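# Summary of structural features
This is what each chain is made of:
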Amino acid sequence: MIEFNTPENGTTDCGIVDELLSSFFDEELNEDADRFVSQHLDSCAACSNKLAEIKATVEAINSLPREATPERDLWPVMVGATSHLPHVTALRDDRWSRWKKPTLLAAALATLCIPGALALAGVSMFRSRAEPDDAPVIAVPLRAPRAPRAPRAPMPPRPPRQSTGMAHAGVEALIGALNDGDREVRRAAAMALQDFEHDPRVTAALIEALQDEDAQVRRWVAVALGEIEDQRAVQPLATVVRTDAVGEVRRWAAWALGEIEDPRAIPSLAQAVRNDTHAEARRWAAWALGEIDDPRAVPALSDAVRGDTSSEVRRWSAWALGEIEDSRAVPALAEAVRGDTSSEVRRWSAWALGEIEDSRAVGALIEALLGDTSAEVRRWSAWALGEIEDVRAADALAEAMNDESAEVRRWAIWALGEIGN
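As a starting point, this report considers the structure included with it.

Quick notes on the rules
Residues numbered from 1 in each chain as written. Predicted model: local features only at pLDDT ≥ 70, side-chain atom pairs only at ≥ 80, totals over all residues. Heavy atoms only, no water. Helix = DSSP H or I, 4+ residues; strand = E, 2+ residues; numbered from the N terminus. Buried < 20%, exposed > 50% of the residue type's maximum accessible area, 1.4 Å probe, protein only. Contact = heavy atoms within 4.5 Å. Areas by Shrake-Rupley, 256 points an atom, 1.4 Å probe, with all protein chains shown as cover. Core = buried A, V, L, I, M, F, W, Y, C linked by side-chain atoms within 4.5 Å. Phe/Tyr/Trp six-rings, centres within 6.5 Å; stacked < 30°, edge-to-face > 60°. Lys NZ or Arg CZ within 6 Å of the ring centre and 35° of its normal.

### Description of the overall build of the chain
Assigned secondary structure in the chain consists of 23 helices and zero strands. Put simply, the chain has 421 residues, and 51% of those count as buried. Of the contacts formed within the chain by residues at least 6 apart in sequence, a portion of 70% connects residues at least 24 apart. Total accessible area on the chain stands at roughly 19,900 Å², and carbon and sulfur atoms take up 50% of it.

Structure, rendered in structure tokens:
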């Protein structure tokens, strides 16, 4: 885990973030650094563009060919594609070993129109892999697409962080400020107290402050309790999710429960997913249930996928069901893949079905693969069919190799290889 220190005077935030971006992308930063970078990216287009470049580079590298062992009748196709290269002089019995040579691999990558820099990266990756001498090796894309990430909690602006080594009197002063007559002071106190993870006095004071008359104070108190992740806050936060009059407060209480990840919160979160009038509260309750990862949440999340009026709630409910991986979710997710009006909901439902790997989903995924108007939905349906590995999907995947989208064709080939194996 990469550590993080408060920036020294004269050091620009952009300079600090530039050094941390790679570790931020790889999720190797501690909480302080991660929050610092996240907040900076929200307001700095230049650094956001640098992060986008890192993502694009990683995605390009991940798309480089991987090892596979397709049927031998594919070999003439590969030879034909490279017959003009000086390295391919004849088709001999040792042709498999030729593909292991870095020079020929670089030429093959160049034939596939991969930029020179990535071709060199491909050579490096292949040379570092252990390969059995008797296994035929052909370069075809094999890496499955990344699953959707959980949403990053959008943290509002906050004052400078306090030192966890603050003296006893300082902690008591902050706790006392939760009762100040000015709401901005109370809010600032809640923001500052979220740094004291191991002080039971802080948790107790914040729990009491969940009853503050000001909604913004309650919201920040919920955020602080989520940052502290003290399980003593589970029941008070669950009560807020059920009863607070302000939707934004309920939303952040749901987020806090997802951070704590205690199964005792499931009944309140499930009720919120089904009944809360605030769409963002329902969405974050669905996210929290996915973080807790307990099968008891499946009925509420399935109902949300089927009927919630917000596509974002349906989308994150599908994500949560994929995280839980319970086969009872298959009917609801299959319905969503077939007919949800949002392509994002259909795409994430296809991903979730691939995570669950239940053969009952094959029919719906085949329909999406061959008929959905969104290339992304067709692509993830191909991926899911490869994860399920049901031979009934072979004909549809073969047909999908004529899809207008190269990404769909690529993943159809990958899925056929998974089924064949």
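### Comments concerning the nonpolar core
In terms of nonpolar packing, the biggest core is built from 97 residues, with L206, L237, L269, L333 and L397 touching the most fellow members. Leaving out residues up to four positions away in the same chain, L269 has contacts with A254, L257, A285, A288, L289 and I292. Counting 14 residues, the second largest nonpolar core, distinct from the first, contains L21, F24, A33 and C44.

### Thoughts on the packing of aromatic side chains
Counted by the stated rule, this structure contains six aromatic pairs. Ring centres 5.6 Å apart and planes at 75° place the aromatic pair W411 and W414 in the edge-to-face group. Separated by three residues within a single helix, W411 and W414 lie in helix α23 (residues 406-420), roughly one turn from each other. Take W411 and W414: they sit in the same class, and that class is buried. An aromatic cluster of at least three residues, connected via ring pairs, comprises W316, W319 and W348. Taking NZ or CZ as reference, R315 lies 4.5 Å from the ring centre of W348, over its face.

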